[in-house]
Amino acid sequence: MAQIVGGFLVPHDPVMFVAGDAAPADKAEKVWGAFETCAQRLADSGATTVIIVGNDHYMLFGTTCLPKYCIATGHLEGPLDQLPGLKRGQIENNEALATAIAEHGAENGFDWSVARSFTTDHSFSIPHQLIVRRAEELSGRSIAAIPVYLASAVDPYITTERSRELGAQMNAAIEAFAGDDKVAVIGSGGISHWVGTKESGKVNEAFDRRVIDSCCSLDMDGLASLSNEEILEEGGNGAMEIRNFLCAMAAVNPVSTDLVEYQPVPEWVTGLGFIELKVA
Amino acid sequence: MKRDVLERVLWSLSIDRFSKEKFKENPEKFLGRFPLDAEDVRMILEFDVKKLQEVGVNPMLTMGYWIEMSPDRQMSSYNKKLGSESEYSASIKG
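Because the structure is predicted, anything quoted here is derived from the model rather than measured. (Residues numbered from 1 in each chain as written. Chains lettered and ligands numbered in written order. Predicted model: local features only at pLDDT ≥ 70, side-chain atom pairs only at ≥ 80, totals over all residues. Heavy atoms only, no water.)

### Re the overall build of chain A
Selection criterion: Each helix is a run of H or I in the DSSP string that is no shorter than four residues. Each strand is a run of E no shorter than two, and both are numbered from the N terminus. For this measure, only C-alpha atoms enter the radius of gyration; the expected value for a globule follows 2.2 Å times N^0.38, where N is the number of residues. Each residue is assigned to one of three classes by its accessible area relative to the maximum for its type, calculated with a 1.4 Å probe on protein chains only: buried under 20%, partly exposed between the two thresholds, exposed over 50%. Whether two residues touch is decided by their heavy atoms; if any such pair falls within 4.5 Å, the residues are in contact.
Counting its secondary structure elements, chain A contains 9 helices and 9 strands. For a compact globule of 280 residues, the expected C-alpha radius of gyration is about 19 Å, and chain A comes in at 17 Å, within 12% of that figure. Taken along its principal axes, the extent of the C-alpha atoms in chain A is 45 × 40 × 35 Å. Each of the 280 residues in chain A was classed as buried or not, and the buried ones make up 61%. Residue pairs in contact within chain A that sit at least 24 positions apart in sequence constitute 82% of those at least 6 positions apart.

### Some words on empty space enclosed by the protein
Residues and elements named next belong to chain A. Rules: With a 1 Å grid laid over protein atoms only, a set of points is called a cavity when a 1.4 Å probe fits there but cannot get out and a pocket when it is open yet has protein on both sides within 12 Å along at least five of seven lines; lining residues have an atom within 4 Å of a point. Grid points are joined across faces, edges and corners, and a volume is the space filled by probe spheres set on the points. For this classification, the nonpolar set comprises Ala, Val, Leu, Ile, Met, Phe, Trp, Tyr, Cys and Pro, the charged set comprises Asp, Glu, Lys and Arg, and every other residue, Gly included, is treated as polar.
What the rule picks out here adds up to 1 cavity of 30 Å³ or more. Put simply, the largest cavity is a space of about 60 Å³. Together, N55, D56, F61, L66, P67, L150, A151, S152, A153 and V154 line the largest cavity. Residue composition of the lining of the largest cavity, by class: 7 nonpolar, 2 polar and 1 charged.

### What to know about the pairing of strand 2 (residues 49–55) of chain A
Residue and element names in this part refer to chain A. Applied cut-off: Should DSSP find at least two bridges between two strands, the strands are regarded as paired.
Across the 7 residues of strand 2, 7 count as buried, placing the element largely inside the fold. The alternating pattern of strand 2 places T49, I51, V53 and N55 and V50, I52 and G54 on opposite faces, both of which are buried. The pairing of strand 2 with strand 6 (residues 144–150) spans 7 bridges and is parallel. Bridged to V53 within strand 6 is V148. Of the pairings in the sheet, the one linking strand 2 to strand 7 (residues 182–188) comprises 5 bridges and is parallel in character.

### Some details on the interface of chain B and chain A
Quick reminder of the rule: Definition used for salt bridges: Asp or Glu carboxyl oxygen within 4 Å of a side-chain nitrogen of Lys or Arg. A 3.5 Å cut-off defines polar contacts: any pair of N or O atoms within that distance qualifies, except that in protein one atom must be a possible hydrogen donor and the other a possible acceptor, and neighbouring residues in sequence count only when both atoms are side-chain atoms.
With 24 residues of chain B at the contact, the number on the chain A side is 25 residues. Counting across the interface, chain B meets chain A through 1 salt bridge. Between chain B and chain A we count 8 residue pairs in polar contact (both at pLDDT 80 or more) in total. If you list the elements that add at least two residues to the side of chain B that touches chain A, you get helix 1 (2–15) and helix 6 (59–69) of chain B. The element that contributes the greatest number of residues to the side of chain B that touches chain A is helix 1 of chain B, accounting for 6 residues. Partitioning the side of chain B that touches chain A into residue classes produces 11 nonpolar, 8 polar and 5 charged.

### Points about the nonpolar core
Spelled out, the test is: The nonpolar core is taken to be a set of buried Ala, Val, Leu, Ile, Met, Phe, Trp, Tyr and Cys residues, with the residues joined through side-chain atoms within 4.5 Å.
Counting 75 residues, the largest nonpolar core has F35, L42, W268 and F274 of chain A together with V9, I44 and Y65 of chain B as its most contacted members. In contact with W268 of chain A, not counting residues within four places along its chain, are D13, V15, M16, A19, G20, A22, A23, A28, V31 and W32 of chain A. A2, I4, Y69 and A250 of chain A belong to the second largest nonpolar core, which has 50 residues in total.

### Digging into the packing of aromatic side chains
Residue and element names in this part refer to chain A. The criterion, for reference: In this scheme Phe, Tyr and Trp rings, the latter by its six-membered ring, pair at centre separations within 6.5 Å, and the angle between planes marks the pair as stacked below 30 degrees, edge-to-face above 60, and tilted otherwise.
With the rule as written, the count across this model stands at 11 aromatic pairs over all chains. Where F35 meets F274, the ring centres are 4.8 Å apart and the plane angle is 90°; that geometry is what we call edge-to-face. Remark: F274 occurs in strand 9 (residues 270–278) and F35 occurs in helix 2 (residues 25–45); sequence separation between them is 239 residues. One exposure class covers both F35 and F274, and it is buried.

### A short note on the layout of surface pockets
If you add up the space inside the second largest pocket, you get close to 490 Å³. What lines the second largest pocket is a set of 22 residues, and nearest its centre among them are T197, E199 and N237 of chain A together with Q53 and P59 of chain B. Listed by contribution, the elements that provide at least two residues to the lining of the second largest pocket are helix 8 (228–235) of chain A together with helix 5 (49–54) and helix 6 of chain B. The element contributing the most residues to the lining of the second largest pocket is helix 5 of chain B, with 3 residues. Taken together, the residues of the lining of the second largest pocket break down into 8 nonpolar, 6 polar and 8 charged.

Purely geometric stuff here, so don't read any function into it on its own.
Written as structure tokens, this is what we have:
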């Protein structure tokens, strides 16, 4: 049977790519180094497939259809929003496992939207390039990647509790999957950040620390209890992405965590946290 | 209702190449195919991102359409339009 080998909570900050020099060098070095640490740990985990839980930024899904949660079960490429150093390309999916998660969901009260041919955005492609692709280089083995997209940036938002329930369903589906896959799950999102609003550039370190403490103590109840109003006020519209963290945490069901790095970087408009989710 | 159509227009102007070309050729004609009132049209043509956000348009769309279609496409100008002096932005275009 498939086995869950761990996971990570990491940011997907595009400003790192388009304005890399804007941040102080010591902070930048720590953030890039944290991605490298996660890549090394992913390589060491033996993972053969990674599920990346991200969110659309009102690019992929237009006004004609806004899914609460979507999984790519087929052809995969991206990102749509290419960045300097992050170019579009074909991506190896694990179609059998992705399809099994969707089918398991259908039988258990989770009606997944599916994408048969999907183009990612940076929320998938940044951790994919900096962690998954890098882990392939470090380990010398191929690692497939499955995108899961939650409505974390465009309302109507998926609720925090439903995000957690969805992660638990993913956990059950993976463990029921008749394959020898070793699966890791990445929750992709910034902590406090304001995107496209007049507060852009503000970082609320107190809020970030609160979220990190909840994640590191595996307090999913605490994280799920944050109201939309509280998140928007304290962490900004970008912080709604903590739904991605909740989903990934529930999918991994870790027994412990390790805070790899945290850096508040106003120049990159985001509180950037890196947490490893450990299963043993 | 107003927000819905505005978001459709701004999403098109952020993402869809055909819509961008048509808007550049003749913005009034392009906007004429949508059920927009005079104030809606003004907000879009004047890139009044502050007002667009006040009527509920998602800030990711106001930013996306600004980056793709505004005259100078500079995020410093966008921030000023919003009433912010911030020199930082989450723009993916630098």
